[in-house]
Amino acid sequence: MAPDCHRFCLIHFVSFTTLLLVLVNADEIFLEWQVNINTTIKPVSVDQPVITINGMFPGPLINATTNDIIHVNVFNNMDEPLLITWNGIQQRLNSWQDGVSGTNCPIQPGLNWTYVFTLKDQIGTFSYFPSINFHKAGGAFGPIRVNNRVVIPVPFPKPHGEFDLLVGDWYNESFKVKSHTLTHYIV
């Protein structure tokens, strides 16, 4: 081969490799969540504590793209331990980020923990919620939307719009009363 042909092939190889790296590169998303008890929100028109994230109920949307790396720094401003689980998100080689009792220690009151996980090869809608002390019945849940990368086509037309529907149980009694009742009933 002539030297010009080698140079031509090398330039195209470098250009293709650079383009490929740009297209598959993941973003890192950094979130800070303040988890609090709010007594002014009344989901069923009854005075009771509601667990909010950054003052929101339901919690904020995590909107990311497959292969993104998510960092969620959770500050527990409640008076009891807290643990958040990422429902449906595959925790590959990092089960200690799953937010389930036994693989994670709860975040103690007044402290924080940063969850770090990768949305590796996943697309779709998922959710997060507290996983201990009946907290899910008190709030602190929300949607996770994992979009496909531009280089990965989906087998259906692009939707006209998107919305997240969260379905769960809500009680007239607070999650603290329910947790206490269940704890004493089971024991």
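You'll find the structure just up there.
### With respect to the layout of surface pockets
Put simply, the largest pocket is a space of about 360 Å³. Of the residues in the lining of the largest pocket, the class split is seven nonpolar, four polar and four charged. For the lining of the second largest pocket, the leading source of residues is strand β7 (residues 124–130), giving three residues. Among the residues forming the lining of the second largest pocket, the class breakdown is 11 nonpolar, four polar and two charged.

### Here we look at the packing of aromatic side chains
When we look at a pair of aromatic rings, we describe it by the centre distance and by the angle of the planes. Evaluation of the coordinates by the stated rule reveals nine aromatic pairs. Between tryptophan 33 and tryptophan 86 the ring centres are 5.8 Å apart and the planes differ by 45 degrees, which places this aromatic pair in the tilted class. Linking tryptophan 33 in strand β1 (residues 28–38) with tryptophan 86 in strand β5 (residues 84–87), this pair joins segments that are 53 residues apart in sequence. Each of the two residues, tryptophan 33 as well as tryptophan 86, counts as buried. With centroids separated by 5.9 Å and ring planes inclined at 35 degrees, the aromatic side chains of phenylalanine 134 and tyrosine 171 adopt a geometry described as tilted. Of this pair, phenylalanine 134 sits in the loop between β7 and β8 (142–147) while tyrosine 171 sits in the loop between β8 and α2 (175–186), and the two are 37 residues apart along the sequence. We classify tyrosine 171 as partly exposed; its relative accessible area is 27%. The ring of phenylalanine 129 has lysine 136 sitting right over it, with the charged end atom 4.2 Å from the ring centre.

### With respect to the pairing of strand β3 (residues 62–65)
Residue alternation in β3 divides its side chains into a buried set, Ile62 and Ala64, and an unburied set, Asn63 and Thr65. In the sheet, β3 pairs with β8 via four bridges, with the strands oriented parallel. Residue pairing in the sheet places asparagine 63 in a bridge with arginine 145 of β8.

Cut-offs applied
- Here, residues in each chain are numbered from 1, in the same order as that chain's written sequence.
- Local features are withheld for residues below a pLDDT of 70 in this predicted model, meaning they are given only at 70 or higher, and side-chain atom pairs are given and counted only at 80 or more; totals for whole chains, interfaces and linings count all residues.
- Hydrogens are left out, water is left out, and the side-chain values use all remaining heavy atoms of the structure.
- Of the two site types, the cavity is a set of points on a 1 Å grid over the protein atoms alone where a 1.4 Å probe fits but cannot get out, and the pocket is an open set with protein on both sides within 12 Å along at least five of seven lines, each lined by residues with an atom within 4 Å of a point.
- Grid points are joined across faces, edges and corners, and a volume is the space filled by probe spheres set on the points.
- Polar here means any residue outside two lists: the nonpolar Ala, Val, Leu, Ile, Met, Phe, Trp, Tyr, Cys and Pro, and the charged Asp, Glu, Lys and Arg; Gly therefore counts as polar.
- Numbering of helices and strands runs from the N terminus, with a helix taken as a DSSP run of H or I at least four residues long and a strand as a DSSP run of E at least two residues long.
- Paired rings are identified among Phe, Tyr and Trp, the last through its six-membered ring, by centres lying within 6.5 Å, and are further divided according to the angle between planes into stacked (under 30 degrees), edge-to-face (over 60) and tilted (the rest).
- For every residue, the accessible area (1.4 Å probe, protein chains only) is compared with the maximum for its type, and the residue is labelled buried under 20%, exposed over 50%, or partly exposed between those bounds.
- In this analysis the charged atom, NZ for Lys or CZ for Arg, is taken to sit over a ring once it is within 6 Å of the ring centre and within 35 degrees of the ring normal.
- In this description, strands pair whenever DSSP reports at least two bridges between them.

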